[in-house]
Amino acid sequence: MNLGSVLSAMPGAAPVTGLASAWRWSPNPMFTFTAALSTDGRHNLQVNVRGRYDEALVAALLAHARAHDDTFVGKGRPLVAVGGFHHDGTEFDTVGAATAEVHGYHANDNPDLSAVTYAVFPAYASEISGRENEEEAWGRFRKMLQPNKLDRAEVPFVKMRYDNTRTRSMSKGDARGFAPLDTLVRELELLDGAPGSFVEWENRHGTVWRVHSTGDTLELTHDTTREPVLPGQLHTVARTSVQ
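In this text, all values refer to a predicted model and were calculated from it rather than measured experimentally. Numbers given for residues are sequential positions, taken from 1 along each chain in its written order. With pLDDT at 70 or above as the cut-off, local features in this predicted model cover only qualifying residues; side-chain atom pairs require 80 or more to be listed or tallied, and sums for whole chains, interfaces and linings still use all residues. Side-chain metrics rest on all non-hydrogen atoms present in the structure, leaving aside hydrogens and water.

**Student:** Which residues make up the side chain of Arg66, and what values do they have?
**Tutor:** The helix and strand labels rest on DSSP assignments: H or I over at least four residues marks a helix, E over at least two residues marks a strand, and numbering proceeds from the N terminus. For Arg66, the location among the structural elements is in helix H2 (residues 55-67). Buried within the structure, Arg66 lacks any salt-bridge partner; its nearest side chain of opposite charge belongs to Asp69, at an N-O separation of 6.0 Å. The definition of a polar contact used here is a pair of N or O atoms within 3.5 Å, where within protein one atom must be able to donate a hydrogen and the other to accept one, and adjacent residues in sequence count solely through side-chain atom pairs. A polar contact of 2.8 Å, which involves the side chain of Arg66, links it to the backbone oxygen of Ala20. Once residues lying within four places of it in the same chain are set aside, the contact partners of Arg66 are Leu19, Ala20, Ser21, Ala36, Leu37, Thr39 and Leu45. Whether a residue is buried, partly exposed or exposed follows from its accessible area with a 1.4 Å probe, protein chains only, as a fraction of its type maximum: under 20%, in between, or over 50%, in that order. In summary, the charge assignment counts Lys and Arg as positive and Asp and Glu as negative, without counting His or the chain termini. Here, a salt bridge means any Lys or Arg side-chain nitrogen found within 4 Å of an Asp or Glu carboxyl oxygen. Note on definitions: a residue-residue contact is assigned when non-hydrogen atoms from the two residues lie within 4.5 Å.

So, in structure tokens, the structure goes:
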């Protein structure tokens, strides 16, 4: 397959200003797709945008991904964070890259193209560990990160489990599962006055925190240390821990 010919032949495709071997097209007024050849010319790096489109930002994302594509192309990791990104006017500091098994781009109309396509999207360092398995990567990419929005909010990597004796709310099973940061903050706030309750969570580095309620006090365990913590401190602890 001549990848350049395939991409440049997309309906309405036009070259991207300032980025070689890259094309932009819109299948409908809601979506804009932009694709660029990888360094080896055998893979497609593609940004899909829903809603507001910013060609300068998209071109910067693709240029950064291409400059570092040796860190993810052919490496077998379903979801990768390429750090060191900067573009004026945005707070994104990372470029995300997902494999075909995760993104599904072109899967129905051109499976061969899909197989060599990496979804590229704007991201934050707090969001991706690089250790996600295929199922976890699929869930993060499709359900939590909103990778096709250029103005989306940060969605930090949080895996948690909890049990609250007062609200009777708890997570299922013994494994920590992905959750929004707001859920972590809410469950931490509900620990006060709920003896025997706990919240345990993990960040992208695999570091684990746990807050346990004795009824009289809250105890924070982190690494090998255990110390009392005030209810009013938990919001800051949670948000700081996932950066």
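Picking up after the structure, the text goes on.
**Student:** Before we move on, could you go through H2 and cite the residues and values that matter?
**Tutor:** At 3.6 residues per turn, the α-helix brings residues three or four places apart onto the same side. Expected helix span is given by 1.5 Å per residue-to-residue step, counting one fewer step than there are residues. If you check H2, its first and last C-alpha atoms are 18 Å apart, about what 13 residues at 1.5 Å a residue would give, namely 18 Å. Within H2 the residues assigned to the buried category are Leu57, Val58, Ala59, Ala60, Leu61, Leu62, His64, Ala65 and Arg66. Considering only its buried residues, H2 is in contact with strand E3 (31-37), strand E4 (44-50), strand E5 (79-83), strand E6 (94-98) and strand E7 (117-123). Two or three places before Ala56, at the opening of H2, Asp54 has a side-chain oxygen 3.1 Å from that residue's backbone nitrogen.

**Student:** So what about the nonpolar core? Which residues, and what values?
**Tutor:** Buried Ala, Val, Leu, Ile, Met, Phe, Trp, Tyr and Cys residues that are joined via side-chain atoms within 4.5 Å together make up what is termed a nonpolar core. Ranked by internal contacts, the top residues of the largest apolar core, which has 26 residues, are Leu62, Phe72 and Val120. Counting residues per element, the ones that place at least two in this core are E4, H2, E5, E6 and E7. It is H2 that provides the largest number of residues to this core, a total of 7 residues. The contacts of Val120, once residues within four sequence positions are left out, are Leu45, Gln46, Val47, Leu61, Leu62, Ala65, Val95 and Gly96. Among the nonpolar cores identified, the runner-up in size contains 20 residues, and Tyr162, Ala179, Leu188 and Trp201 belong to it.

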